[in-house]
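Per-entry structural report
Residues per chain are reported as follows:
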Amino acid sequence: MGFFNFILQVVAVLICSYSFVSFAVHGNKVGSNDIPSTLDGPFAPHTAPFDVSLRGNAVDLPDTDPRVRRRVKGFQPEQISVSLSTTYDSVWISWITGEFQISNHDKNITPLDPKSVASVVRYGTSRNPLNHEAKGYSLVYSQLYPFEGLQNYTSGIIHHARLTGLKPDKLYYYRCGDPSIGALSGVYSFKTMPVSSPNSYPKRIAVMGDLGLTYNTSTTINHVISNDPQLALLVGDVTYANLYLTNGTGSDCYSCAFPDSPIHETYQPRWDYWGRFMQPLVSKVPLMVVEGNHEIEKQVENQTFVAYSSRFAFPAKESGSSSTFYYSFNAGGIHFVMLGAYIAYHKSSDQYKWLERDLANVDRSITPWLVAVWHPPWYSSYNAHYREAECMMVAMEELLYSYAVDIVFNGHVHAYERSNRVYNYTLDPCGPVHIVVGDGGNREKMAVVHADEPGNCPDPTTTPDQHIGGFCAFNFTTGPAAGQFCWDKQPDYSAFRESSFGHGILEVKNQTWALWTWHRNQDSRSGIGDQIYIVRQPDKCPIRYTQTKRSFASI
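Heads up: these notes are all about the structure in this document. These numbers come from a predicted model, not from an experiment.

With that settled, consider the packing of aromatic side chains. This model, assessed by the stated rule, comprises 35 aromatic pairs. Consider the rings of Phe-329 and Phe-336, whose centres lie 4.9 Å apart with planes at 15°: the pair is stacked. Just as Phe-329 is buried, Phe-336 falls in that class too. Here a set of aromatic residues connected by ring pairs shows up, and it is made of Trp-271, Trp-274, Phe-305, Tyr-308, Phe-312, Phe-314, Phe-325, Tyr-327, Phe-329 and Phe-336. The ring of Trp-369 is capped by Arg-536, whose NZ or CZ atom sits 5.8 Å from the centre of that ring.

The next subject is the state of the cysteines. Under the definition given, this model contains four disulfides. The disulfide bridge from Cys-253 ends at Cys-256, spanning 2.1 Å between sulfur atoms. On the sign convention where negative is left-handed, the bridge of Cys-253 and Cys-256, at about 60° about the S-S bond, is right-handed. Take Cys-253: its relative accessible area is 27%, and that puts it in the partly exposed class. Since its relative accessible area comes to 59%, Cys-256 is described here as exposed. Linked covalently through their sulfurs, Cys-457 and Cys-486 form a disulfide whose S-S length is 2.1 Å. One quick way to see it: the torsion about the S-S bond of Cys-457 and Cys-486 is about 80°, and its sign makes the bridge right-handed. A residue pair is termed long-range when its members are at least 10 positions apart, and Cys-457 in the loop between β26 (433–437) and β27 (494–498) and Cys-486 in the loop between β26 and β27 qualify at 29 residues. Its relative accessible area of 36% is what places Cys-457 among the partly exposed residues.

What follows concerns unusual backbone geometry. Across the junction of Gly-41 and Pro-42, the peptide omega takes the value 0°, indicating a cis bond. Within the secondary structure, Pro-42 sits in the loop between β2 (29–31) and β3 (46–47). Phi angles above zero are rare outside glycine, and Arg-387 is one such case at about 55°. By relative accessible area, which is 5% here, Arg-387 ends up buried.

Definitions and limits used
- Throughout, residues of each chain are indexed from 1 in the direction in which the sequence is written.
- Restriction of local features to residues with pLDDT of at least 70 applies here, the model being predicted, together with a cutoff of 80 or more for giving and counting side-chain atom pairs; totals for whole chains, interfaces and linings are based on all residues.
- No hydrogens and no water enter the side-chain calculation; it runs on all heavy atoms of the structure.
- Aromatic rings from Phe, Tyr and Trp, taking only the six-membered ring of Trp, are treated as a pair when their centres fall within 6.5 Å; an angle between ring planes under 30 degrees marks them as stacked, one over 60 as edge-to-face, and anything in between as tilted.
- Exposed residues in this analysis have more than 50% of their type's maximum accessible area, buried residues have under 20%, and partly exposed residues fall in between, with area computed by a 1.4 Å probe over protein chains only.
- Should the NZ of a Lys or the CZ of an Arg lie within 6 Å of a ring centre and within 35 degrees of the ring normal, that charge is described as sitting over the ring.
- We call a pair of cysteine sulfur atoms a disulfide whenever their separation is within 2.5 Å.
- Segments assigned H or I by DSSP are reported as helices when at least four residues long, segments assigned E as strands when at least two residues long, and all are numbered from the N terminus.

Here's what the structure looks like:
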């Protein structure tokens, strides 16, 4: 009888265990009873109903919110963050010391001297002692406007230090600052990426876009933290400081509220607020960023992207890039390429040539997964920014397809949308899955209008990329929308779309299966808005880098 009871207890444990485990790995295959995979596709297009009550929380946090206030004194470090280098054995630590300054145009601002405070990181695998030391560099940037009545800004001292010689998948502790003046931070920690191998991956990768600094952003980041990611991607549009005048007056629509502004102004302290707000996450979890249109921030002498390029550390040099707008890195068995939509991308451009070299050097036996990230989507069925990045698509899609890119992440459109596998607007089992996650919570609110709904197809002349120039979006010549600029129903390439704020989590299980989960802000932290296994088929979709003529597209 005792043995029989023991057997019953074992069976009960197995049943309970099964109820909590939704997948099982068998060799290179992951099986699931409930979660679909791309092998089940292509899927019939689906639109989730829009809940109008969800639009109300896209209101910016005020500068009185304790989460954005300066909590250090003197030259103590703040706005501390971690970012990756190209491989597991190196990371960047960034921080700011000293206070920003802002004053009217007719008053001179004396920037802080970057050389007055050292850039030192002490680190190790135990809290005490921190027996390694790295020295970095520092800089100060200014946002200046040559117009009377506008306020000019100069930053605190921004520090970047690169740590090297790190072990894979290892927890490290660190302090940053200037020990010679007693200005060191508290002890923080981060975990390095796994070694690049087809059998090792970060446990969870958070993917966010178009964050801003609203109450909805706060919910997004709280949910991200609860999902305990090992890496975070931000697919552009960071602070939305350019929705403000230099005096701190903001609006959901800059051009609507400030049509007479002599230049598109920004309120740079919003960057400092954002850095303070994000520190609990990004001082622990490496954050990799790509630029969006809200980072352009034009100023004196036509300078652009100054805050973006100054505040973040990028592995540009390590990955052979000459620009902060495009770079690449490995995270375990995943190779990421981060591309710039607001810098030249045509076939004779430096970026395109760099991308050719980078892709040619990827060894898929070591990093089987290839993920591309940039800001404006190529495949979005929303009216907002519809086919805006068509010239970039015409220039680069064939190259990415020929190297069998698996997943593309974008933002820009303030909603969520996941595509079927697609190439050149045609369902293609070897095309990447395009995922739009521009739903991080910014104050411009979410996109709710679809281009395929009656009366919502935009005028083609309004769609060109205003920042790069060129017109590439013509009526389709073949396919379901032949002779038209828009579909008259949800496009075949659009598998699922929903207007809700949220974030995504990518969990690569092995060299062919990855679980993608989209979490909505209105749900509990464990709630799921969309979920699918993305499955690679390298035997059916080999790398085939040859120049072929596009069968049909907007060219």
